[in-house]
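# Examining the three-dimensional arrangement
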Amino acid sequence: MTEPSALLRGLDDEQRIAATTVLGPVCILAGAGTGKTRAITHRIAYGVATGAYAPNRVMALTFTSRAAAELRSRLRLLGAAGVTARTFHSAALSQLSYFWPQVIGGQVPRLIDSKARLLGHAAETIKLRADTAALRDLATEVEWRKVSNLTIDQYAAKARTRSLPVGFGVEQIVDLQLAYEKLKDERRQIDFEDVLLANAGMIETEASVAFQVREQYRFFVVDEYQDVSPLQQHLLELWLGDRRDLCVVGDASQTIYSFAGARSDYLLGFASRYDDATVVRLERNYRSTPAIVDTANRLMRGRQGALTLQAVESADAAASAARALTAPAAAPAGPPPLPPEPAGTPSSAPAAPPHVPSALDVPLLEADTDIAEARAVAQSIILELAAGAKAQDVAILYRVNAQAAALETALAEAGVSYQIRGARRFFDLPEVKQAVMQLRAASVSISGEPLFKSVSDVLRSLGWSQSAPEARGAVRDRWESLNAIMSLVDQAPAELTFRQFTDELMERQAAHHEPTVDAVTLATLHSAKGLEWESVYLLGLSEGLVPISYASGFEQIDEERRLFYVGITRARRRLTLSWATRGQAATEGYSANRGRSAERERSRFLTEIGMRTTRAGGTPRG
Ligand SMILES: Nc1ncnc2c1ncn2[C@@H]1O[C@H](COP(=O)(O)OP(=O)(O)OP(=O)(O)O)[C@@H](O)[C@H]1O
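As the structure is a prediction and not an experimental result, all values here were calculated from the model. (Residues numbered from 1 in each chain as written. Predicted model: local features only at pLDDT ≥ 70, side-chain atom pairs only at ≥ 80, totals over all residues.)

## Some remarks on the domain arrangement of the protein
Accessible area lost on assembly of the parts is the figure often given for the size of an interface. What the domain assignment reports for the protein is domain 1 (4-92 + 197-282), domain 2 (110-187), domain 3 (364-424 + 519-587 + 597-609) and domain 4 (426-511). The straight-line distance from the C-alpha centre of domain 1 to that of domain 3 is 33 Å. Tallying the contact residues gives eight residues for domain 1 and nine residues for domain 3. (Domains from an automatic or database assignment. Contact = placed C-beta atoms within 7 Å.)

Printed below as a string of structure tokens:
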């Protein structure tokens, strides 16, 4: 077991308070890149190491299986392997599967694999016409009702003020939901949200279930708490009962799933629900350069929930009383400032004051069209790669999937390899499955060798070599996959054994946690949450895309602002912003008017930040 004091090394003062306050209600309000994952993993490990927790009585909850796998893996390295780290859904399903036979009898009903398909069948029963796209929107509406913990009647009352799927009225949607629930019951099936609803129902109605569940888990930690839905919050309260050992961590500025039912008010209201809560603010950003931090702060200046440490040192910012993320003194300065100062400054001019990095150092590219924008970005990436950057450290982020098309073209023309996040499942590739199996088999008999040797011997037998084959196509793809596994060896801590390495691989396989391959990442802003890269390009920063055309009203525009904030704060050393002046008609959505060219306006957020524009390949503009 790890020494308790060793677990506190490498934490800053606030992180240490979070880590050592192992009992009672704790709320960690953490800005982007401030080390919240570090804080909660060290807190759990410290609680285990000091004997405050029995590991099997701790439950760490996340919202994605990737995040749960990441927590498990970090906890294992910190000596807290027995702790449960799960998504809300997986924790609820495991309890439901255990208690269903006792309480109801038989097995848990089968989970439906496609809500839209079952809704289609339900629509037929009430003679409602809906095409595939409409059914997907209607499925989202069903999900919203359920995660908001509303009955169909309560939904009917709220729906009158909601923007509903196009072409459907409240009555039709209510009838469809009734038909859907009926059909589901007849078929003895449940959907994703029913798992939480049924689990909650059992704890509420069966005292013995409530007793057993609460006996098992005593200490709760919730990561990304700003994303909690009313249904998840309800279940969490049932799990807790009258206990108070709950630690939540989150960043209200990164709430980007309100449309799907996430509610940051549970995070922001934690201290008023628990008036003796320990509230810790993590505001020192360890990830990004001062210029990137300044860009993020300007965007969030004065916003509610902008989690910050101290007033930025300008009179203007001080006056606004906004608190801002700070970059640590030792943060790298980042790339040389762009755009360049206009030439021709007289040499006799008084010495310039020292340069204070700011958002004005972040380049903003302007191009005529989407493809010109994509090509400008591809060219910039080529320069970065030529200067020694690794492709896997570069990401291009955008608002809607359709924007990837121009990028794919431009990157292919430029010969830059890329992967689209979420587009392929690495561990489903046959060569990867085979490699994991063989590594596992070898790890049973081989021990004591350096990890690199054990893994590379197995992978060589499958076709890996130190240098990449000079070819494109299947052979090269196979090499890339095996090399991605080798790159996990490079990232592994020195003390990791072969057996532990294969444990990790299998864990990642179960969670689809892909290792980085040597390629630039293309991802939507939503799917970039929680990740970081050395260099990040944010594309399409025009009205209609950021904010998206269908966002209306303060709340929705603010969610777009937070999405932009998430994008900015993914960058460690270099951030490049860009937009195209012409494209599809911004007011009518990105993909609705393909082929039609319309003037675009640059994003209002760029103006708020005070960005200057550099024409792609041209000169700065005010
Ligand atoms: N005390 C510290 N000293 C040095 N580096 C740290 C410290 N705490 C965190 N970091 C580093 O800062 C970066 C951000 O940490 P982490 O990923 O835990 O942040 P986060 O708060 O979860 O970020 P986000 O919410 O933006 O995804 C990581 O590279 C991490 O190693």
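## Overview of the nonpolar core
In this structure, Ile28, Ile44, Ile396 and Leu397 are the most contacted members of the largest nonpolar core, which totals 121 residues. Take this core: its biggest share by element is seven residues, from helix α3 (residues 36-49). Each of two domains, domain 1 (4-92 + 197-282) and domain 3 (364-424 + 519-587 + 597-609), supplies a minimum of three residues to this core. Residues contacting Ile44, with those up to four places away along its chain left out, are Val58, Ala60, Leu75, Ala80, Val83 and Val221. The next biggest cluster of nonpolar side chains, apart from the first, holds 15 residues, and it includes Leu459, Trp479, Leu482 and Phe501. (Core = buried A, V, L, I, M, F, W, Y, C linked by C-beta atoms within 7 Å. Buried ≥ 20, exposed ≤ 12 C-beta atoms within 10 Å, placed from the backbone. Helix = DSSP H or I, 4+ residues; strand = E, 2+ residues; numbered from the N terminus.)

## Details of the UniProt feature "domain: UvrD-like helicase ATP-binding" (unreviewed entry) in the protein
The UniProt entry lists residues 9-289 under the feature "domain: UvrD-like helicase ATP-binding" (unreviewed entry), expressed in the numbering used here. Taken end to end, residues 9-289 comprises 52% helix and 11% strand; its first and last C-alpha atoms sit 24 Å apart. (UniProt positions renumbered as here; feature names shortened; annotations may be inferred.)

## What to know about α3
With 14 residues, α3 should cover 20 Å at 1.5 Å per step; its first-to-last C-alpha distance of 20 Å lies within 8% of that length. Of all 14 residues in α3, 12 are buried, a share of seventy percent or more. Among all positions of α3, only Lys36, Ala39, Ile40, Thr41, His42, Arg43, Ile44, Ala45, Tyr46, Gly47, Val48 and Ala49 are buried. (Expected span 1.5 Å × (residues − 1).)

## Section: helix α12 (residues 230-240)
When α12 is considered as a whole, its buried residues turn out to be Leu231, Gln232, Leu235, Leu236 and Trp239. One side of α12 holds all its buried residues, which, seen down the axis, span an arc of 135°. Elements that come into contact with the buried residues of α12 comprise α5 (88-103), α7 (132-147), α10 (192-205), α11 (207-216) and β6 (219-222). The first or second residue beyond α12 is Gly241, which carries a positive phi of 60°. (Arc of directions from axis to C-beta.)

## Quick notes on the sheet that holds strand β8 (residues 278-282)
The strand order β3-β2-β6-β7-β1-β8 describes an open sheet built from six strands, whose pairing is parallel. At either margin of the open sheet sits one strand with a lone partner, and together these are β3 (84-87) and β8. For this sheet, the mean angle separating the axes of adjacent strands, direction not counted, is 15°. When strand β2 (residues 58-62) meets β6, the two strands line up parallel, connected through four bridges. What sits directly across from Val58, in β6, is Phe219. Relative to the sheet, helix α4 (residues 65-77) contacts β2 and β3, its axis offset from that of β3 by approximately 170°. (Pairing = 2+ DSSP bridges. Axes fitted to C-alpha atoms, helices over the stretch in contact; angles between N-to-C directions.)

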